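Observations on the model geometry
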Amino acid sequence: MGFKEEFNKETKDLQNVKRPYESAAFILFVILIIQQLFFVLKNLIDFMKPVNTWFSTANITITTNNQGFFSRIVGIDSTSWIYVILAFAALGLYYFLIYAFVWNYCRKRGLAKWTWTLFVVFGPAIFLAPAYIWYTIYVFRPYIFRFIKRGVEEYNTFNPNKAFKEEMPEPILKPEQQVEPETK
């Protein structure tokens, strides 16, 4: 299937009302990507001006949704072109890997591709959790949801009137019923 057919299929999927959370995740993802690209390109243009001698990885509010490795690579030497180019190359590699390991994986298996891509890419900035936590949740989601389902099922079958075995008092034995411990 060519790019045009794939694009039309994706457009129809996003307009479908069966998965409104996917459409919302796509819109939020696009907004965050546009914001990220705007500030990265703005700072790149400012860096090319002769007045400015260093590349800034922060936006107007001094907070940014850039990936941490991008800021760390530029932070090695923010006055050197080589580190700025290396940071952009790493950012391109990062988004290629996101496409390969998250978006494409979900697309092939019929999962919520835009939602998981949004959580893995921008989850750390939105929910203040490291990216590896979101990726771990993404990878182990069947086991996590199965664990949650078991907990909900146990909660629904819980009868507060039934005592647990651990809560039952031990019977008090009469002196003739008690067993003496053996001594060596």
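We now turn to the structure provided with this report. All of these numbers come straight from a predicted model, not from anything done at the bench.

1. Digging into the packing of helix H2 (residues 20–48) against helix H4 (residues 81–109)
- At their nearest, the axes of H2 and H4 sit 12 Å apart, and the two run at 165 degrees to each other. In terms of axis orientation, H2 runs roughly antiparallel to H4. For the crossing formed where H2 meets H4, the hand is left-handed. Residues Ile 33, Gln 36, Val 40, Leu 44, Phe 47 and Met 48 of H2 form the contact with H4, whose own contacting residues are Trp 81, Val 84, Phe 88 and Tyr 95.
- Residues of the contact of H2 with H4, tallied by class, amount to nine nonpolar, one polar and no charged.

2. Some points on the nonpolar core
- In terms of nonpolar packing, the biggest core is built from 18 residues, with Phe 29 and Phe 122 touching the most fellow members.
- Sorting the residues of this core by element identifies H2, H4 and helix H5 (113–127) as the ones contributing at least two each.
- At six residues, H5 tops the list of elements feeding residues into this core.
- Residues contacting Phe 29, with those up to four places away along its chain left out, are Trp 114, Thr 117, Leu 118, Val 121 and Phe 122.
- Within the second largest apolar cluster, ten residues are counted, among which are Leu 44, Phe 47, Phe 55 and Ala 87.

3. Describing the pattern of salt bridges
- In total, this model carries two salt bridges according to the counting rule given.
- We note a salt bridge from Lys 42 to Asp 46, for which the minimum N-O separation is 3.0 Å. Note that Lys 42 and Asp 46 are positioned in helix H2 at a spacing of four residues, about one turn of the helix.
- The salt bridge involving Lys 49 is made with Asp 46; its shortest N-O contact spans 3.6 Å.
- By sharing partners, the salt bridges in this structure join Lys 42, Asp 46 and Lys 49 into a single network.

The rules behind these values
Residues numbered from 1 in each chain as written. Predicted model: local features only at pLDDT ≥ 70, side-chain atom pairs only at ≥ 80, totals over all residues. Heavy atoms only, no water. Axes fitted to C-alpha atoms, helices over the stretch in contact; angles between N-to-C directions. Helix = DSSP H or I, 4+ residues; strand = E, 2+ residues; numbered from the N terminus. Parallel < 35°, antiparallel > 145°, perpendicular 65-115°, else oblique. Left-handed = near helix turned anticlockwise from the far one by under 90°. Contact = heavy atoms within 4.5 Å. Nonpolar A, V, L, I, M, F, W, Y, C, P; charged D, E, K, R; others polar. Core = buried A, V, L, I, M, F, W, Y, C linked by side-chain atoms within 4.5 Å. Buried < 20%, exposed > 50% of the residue type's maximum accessible area, 1.4 Å probe, protein only. Salt bridge = Lys/Arg side-chain N within 4 Å of Asp/Glu carboxyl O.

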